[in-house]
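Okay, here's what each chain looks like letter by letter:
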Number of protein chains: 2
Amino acid sequence: MGLAVRKFAKDCTVVGYGHRASTLDEAIEIGAIDEAKLSAAQAVEGADLVVLCTPVGTFESILHEIRPVLAPGVLVTDVGSTKRRIVANAESLLPAQASFVGSHPMAGSEKRGVSFAAANLFEGATCITTPTNRTDVGALEKIESFWRLLGMHVTRLSPEEHDRRLADISHLPHALAAALVTLQDEQSLPLAGKGFLDTTRVAGGNGGLWRDIFLENRDNLRDSVHRFQGHLERLMAHLEADDADAVKAWLDAAAARRRGVGVGPMKPD
Amino acid sequence: MGLAVRKFAKDCTVVGYGHRASTLDEAIEIGAIDEAKLSAAQAVEGADLVVLCTPVGTFESILHEIRPVLAPGVLVTDVGSTKRRIVANAESLLPAQASFVGSHPMAGSEKRGVSFAAANLFEGATCITTPTNRTDVGALEKIESFWRLLGMHVTRLSPEEHDRRLADISHLPHALAAALVTLQDEQSLPLAGKGFLDTTRVAGGNGGLWRDIFLENRDNLRDSVHRFQGHLERLMAHLEADDADAVKAWLDAAAARRRGVGVGPMKPD
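Residues numbered from 1 in each chain as written. Chains lettered and ligands numbered in written order. Predicted model: local features only at pLDDT ≥ 70, side-chain atom pairs only at ≥ 80, totals over all residues. Heavy atoms only, no water.

Asker: So what's going on with the overall build of chain A? Which residues, and what values?
Answerer: A tally of helices and strands in chain A yields eleven helices and eight strands. In terms of overall dimensions, chain A has a C-alpha envelope of 70 × 40 × 35 Å along the principal axes. Among the 269 residues that make up chain A, the fraction classed as buried is 51%. Entry remark: accessible area of chain A is about 11,700 Å², with carbon and sulfur atoms responsible for 50%. Each charge class in chain A was averaged separately, 29 positive and 35 negative side chains, and the resulting centres sit 2 Å apart. (Helix = DSSP H or I, 4+ residues; strand = E, 2+ residues; numbered from the N terminus. Buried < 20%, exposed > 50% of the residue type's maximum accessible area, 1.4 Å probe, protein only. Areas by Shrake-Rupley, 256 points an atom, 1.4 Å probe, with all protein chains shown as cover. Lys, Arg positive; Asp, Glu negative; His and termini not counted. Charge placed at Lys NZ, Arg CZ, Asp CG, Glu CD.)

Asker: Which residues make up the nonpolar core, and what values do they have?
Answerer: F214(A), F228(A), F196(B), F214(B) and F228(B) are the most contacted members of the largest nonpolar core, which totals 72 residues. Residues within four places of F228(B) in sequence aside, it is in contact with L176(A), A179(A), L180(A), L183(A), F228(A), L172(B) and L176(B). (Core = buried A, V, L, I, M, F, W, Y, C linked by side-chain atoms within 4.5 Å. Contact = heavy atoms within 4.5 Å.)

Asker: Explain the sheet that holds strand β7 (residues 126-129) of chain A to me, using residue names and the numbers behind them.
Answerer: All names here are of chain A. Here three strands make up an open sheet; going across it, the order is β6-β7-β8 and the pairing mixed. Every other strand in the sheet has two partners, leaving β6 (103-105) and β8 (153-156) as the edge strands with one partner each. Going across the sheet, the axis of each strand differs from the next one's by a mean of 20°, ignoring polarity. In this sheet, β7 lies alongside β6 in antiparallel orientation, the contact comprising three bridges. When the bridges of β7 are listed, P105 appears paired with C127. (Pairing = 2+ DSSP bridges. Axes fitted to C-alpha atoms, helices over the stretch in contact; angles between N-to-C directions.)

Asker: So what's going on with the packing of helix α7 (residues 159-183) of chain B against helix α10 (residues 218-240) of chain B? Which residues, and what values?
Answerer: All names here are of chain B. At a minimum axis separation of 9 Å, α7 and α10 run at an interaxial angle of 65°. When the axes of α7 and α10 are compared, the pair comes out roughly perpendicular. For the pair α7 and α10, the crossing hand works out as right-handed. Across from D163, R164, A167, D168, H171, L172 and L176 in α7, the residues of α10 making contact are N220, L221, S224, V225, R227 and F228. Tallied by class, residues from the contact of α7 with α10 come to six nonpolar, three polar and four charged. (Parallel < 35°, antiparallel > 145°, perpendicular 65-115°, else oblique. Left-handed = near helix turned anticlockwise from the far one by under 90°. Nonpolar A, V, L, I, M, F, W, Y, C, P; charged D, E, K, R; others polar.)

Asker: Which residues make up the packing of aromatic side chains, and what are the values?
Answerer: Residues and elements named next belong to chain A. A full pass over the atoms with the stated rule returns six aromatic pairs over all chains. With a centroid separation of 5.1 Å and an interplanar angle of 65°, the aromatic rings of F146 and W147 are classed as edge-to-face. Considered together, F146 and W147 belong to a single accessibility category, that of buried residues. Taken together, a centroid distance of 5.8 Å and an interplanar angle of 70° make the contact between W210 and F214 edge-to-face. Remark: F214 and W210 occur in helix α9 (residues 207-216); sequence separation between them is four residues, near one turn of the helix. (Phe/Tyr/Trp six-rings, centres within 6.5 Å; stacked < 30°, edge-to-face > 60°.)

Asker: Any details on the confidence of the model for chain A? Residues and values, ideally.
Answerer: The predicted coordinates of low-pLDDT regions are not to be read in fine detail. Residues and elements named next belong to chain A. Per-residue pLDDT for chain A has a mean of 92; in total, 95% of the residues score no lower than 70. Every residue in residues 264-269 scores below 50 in pLDDT, and together they form 20 contacts with partners more than four places removed in sequence or on other chains. Complex prediction metrics read pTM 0.88 and ipTM 0.88. (pLDDT = per-residue confidence, 0-100.)

Asker: An account of the interface of chain A and chain B is requested, with residue identities and associated values reported.
Answerer: Note on interface size: it is often stated as the accessible area lost on association of the parts. With 80 residues of chain A at the contact, the number on the chain B side is 82 residues. Between chain A and chain B, the buried area comes to about 7,900 Å², and carbon and sulfur atoms account for 66% of it. When the area that chain A buries against chain B is broken down by residue, the three leading residues are L191(A), R257(A) and R258(A), summing to 10%. Remark: the boundary between chain A and chain B carries ten salt bridges. We note a salt bridge from E186(A) to R257(B), for which the minimum N-O separation is 2.9 Å. Seen at the junction of chain A and chain B, the total is 29 residue pairs in polar contact (both at pLDDT 80 or more). (Buried area = accessible area lost by both parts, 1.4 Å probe. Salt bridge = Lys/Arg side-chain N within 4 Å of Asp/Glu carboxyl O. Polar contact = N/O pair within 3.5 Å; in protein donor to acceptor, adjacent residues only side chain to side chain.)

Asker: A description of the sheet that holds strand β3 (residues 49-52) of chain B should follow, citing residues and the corresponding values.
Answerer: Residue and element names in this part refer to chain B. Overall, parallel pairing links the three strands, which are arranged β3-β4-β5 in an open sheet. Two strands in the sheet have a free side with no partner beyond their single neighbour: β3 and β5 (99-101). Along the sheet, successive strands turn relative to each other by an average axial angle of 20°, direction set aside. As paired strands, β3 and strand β4 (residues 75-78) are joined by four bridges and run parallel to one another. Bridge pairing in β4 places L52 opposite D78. Where helix α4 (residues 59-66) meets the sheet, its contacts fall on β3 and β4, and the angle it forms with β3 comes to roughly 155°.

Asker: So what about the pairing of β8(A)? Which residues, and what values?
Answerer: All names here are of chain A. Pairing geometry for β7 and β8, over four bridges, is parallel. Across the sheet, residue T126 finds its bridge partner in β8, namely H153. Each parallel crossover has a hand, and the one from β7 via helix α6 (residues 137-149) to β8 is right-handed. (Right-handed = clockwise from strand over helix to strand, strands pointing away.)

Asker: Please set out the relation of the copies chain A and chain B residue by residue, giving values where relevant.
Answerer: Mapping chain A onto chain B leaves a residual RMSD of 0.0 Å; the transformation is a rotation of 180° accompanied by 0.0 Å of translation along its axis. Between the two chains, the operation in question is that of a two-fold axis. Among all residues of chain A, the minimum C-alpha distance to the rotation axis is found for T199(A), at 1.9 Å. In this assembly the copies share their binding face: 100% of the residues contributing to the interface of chain A also contribute to that of chain B. (Least-squares fit on C-alpha atoms with pLDDT ≥ 70 in both.)

Asker: Give a description of the side chain of S103(A) that names residues and reports values.
Answerer: Residue and element names in this part refer to chain A. Inspection of the secondary structure puts S103 in strand β6. A distance of 2.9 Å separates a polar atom in the side chain of S103 from a polar atom in the side chain of W147. Non-local contacts of S103, meaning those with residues more than four positions away in its chain, are made with T77, D78, V79, G80, K83, C127, I128, T129, T130, I143 and W147.

Asker: Summarise helix α11 (residues 244-260) of chain A; cite the residues concerned and give the values.
Answerer: Taking 1.5 Å per residue as the helical rise, α11(A) with its 17 residues ought to reach 24 Å, and the 24 Å between its terminal C-alpha atoms agrees with that figure. Within the sequence span of α11(A), burial applies to A246(A), V247(A), W250(A), L251(A), A254(A), A255(A) and R258(A). Buried residues in α11(A) make contact with α10 (218-240) of chain A together with α7, α8 (194-200) and α9 (207-216) of chain B. (Expected span 1.5 Å × (residues − 1).)

Asker: An account of the side chain of H162(A) is needed here, citing residue identities and associated values.
Answerer: Residue and element names in this part refer to chain A. Examined against the element boundaries, H162 turns out to sit in helix α7 (residues 159-183). Of the residues examined, H162 reaches a relative accessible area of 0% and is grouped as buried. Not counting chain neighbours up to four residues away, the residues in contact with H162 comprise S81, T82, K83, H104, I128, T130 and L157.

Spelled out as structure tokens, the structure:
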């Protein structure tokens, strides 16, 4: 994000906060940040815009830390992959002169760290903003302009709808990919073709990050898993009944839906 | 395959069989075949090597059709994604002067048709050969040389082990991807990110082809699905118990395994 902001908003000064000096040094070296701070409170002092980019599990303590030093009129957003608790916490913890808008820029990769940074990460991808009835409309529009500046398409959803839909389209796929890798025995893995590698790529992602997402969105994920099992069991029932036409119809319907995804203007692929 | 053979085995004459004249015309036009036949029996007449590349469901009728006209000493192989029944059928249906070796070149794509043909499709990918105690060793070695000529790494498995391992590493991933697409509601699909698109790419594949694979390998697929559900349920149990450490350990183990796949010399990716 630092690289993107410095590319698309050249007048901004980007201050990076992190807990490892070596990471911050690297970030300065590649030009992702102008200044580095090892304290979140110091990093946000005098900022016009604060973007929380740490794992969601650390947001609450960071909000507590930064709240006393935020400048009047500051805009605060985040890039968390779950939204209900984050938005509720931010709205209750931040002082009245700060405006919070939840964001979920859906760009990233299973790769992690400064060395994988790219200024064009966000281009063409979708960002979901999650306003509530407490969200300031002016702040919402400014935050959405910020994401558009980085090249993103913006969609608005309530925090509740966000978490429900993301369980289906993002969190469940991760759980399935990870279970699919776990299942394999060592002699089968060398037989993995491109299909398996594609299907399981996300499973290489950071365990701590996904633990937080799964725990935050457990109720929705439980529901997604339950519905998923229903669909898989329908396929297996067609197979057990030796109903070739029903198996083909089920597969054809999935194939047609899949081929229709990713052709619109909102897909990063 | 025609393109690959004409590129890597320039002395061969490639005769293509298909049931649509327009497809065969296109194949001649792009240089994938030298000659075209609308009858399988005519296509194999005088051939040194016959490669069955139709959907597995049609193999039995094609074997019946070609068996009277095969030249003495002919090598016959196939590219079917399941092996037990195909190999047993070929061994019992083919005349004694023909040598059959089952093959599964694990290269391909969810895209289909002459326009997606590429001579380098097989390069660096794995081909599994499935000899039995009835397989002629000389024929096996010749068939393996053929796949190596196209750039493939060759691994031998029994037809039984092939079908069992492929259920885990290929057929189950397809079933999961298709069920995952089926689950989504229309408003969630525009939120699909790169992860979802990767995870579900294979689901865009041909329904008829996968129906045949699933029906042929139903017993193994049933077992794979059963074990898969066990792994997914273990994750959900950790989540329900609010056991953050167990969730992370489960995810970390999957991530470590996934990162270790595809780094060896046998992976096409």
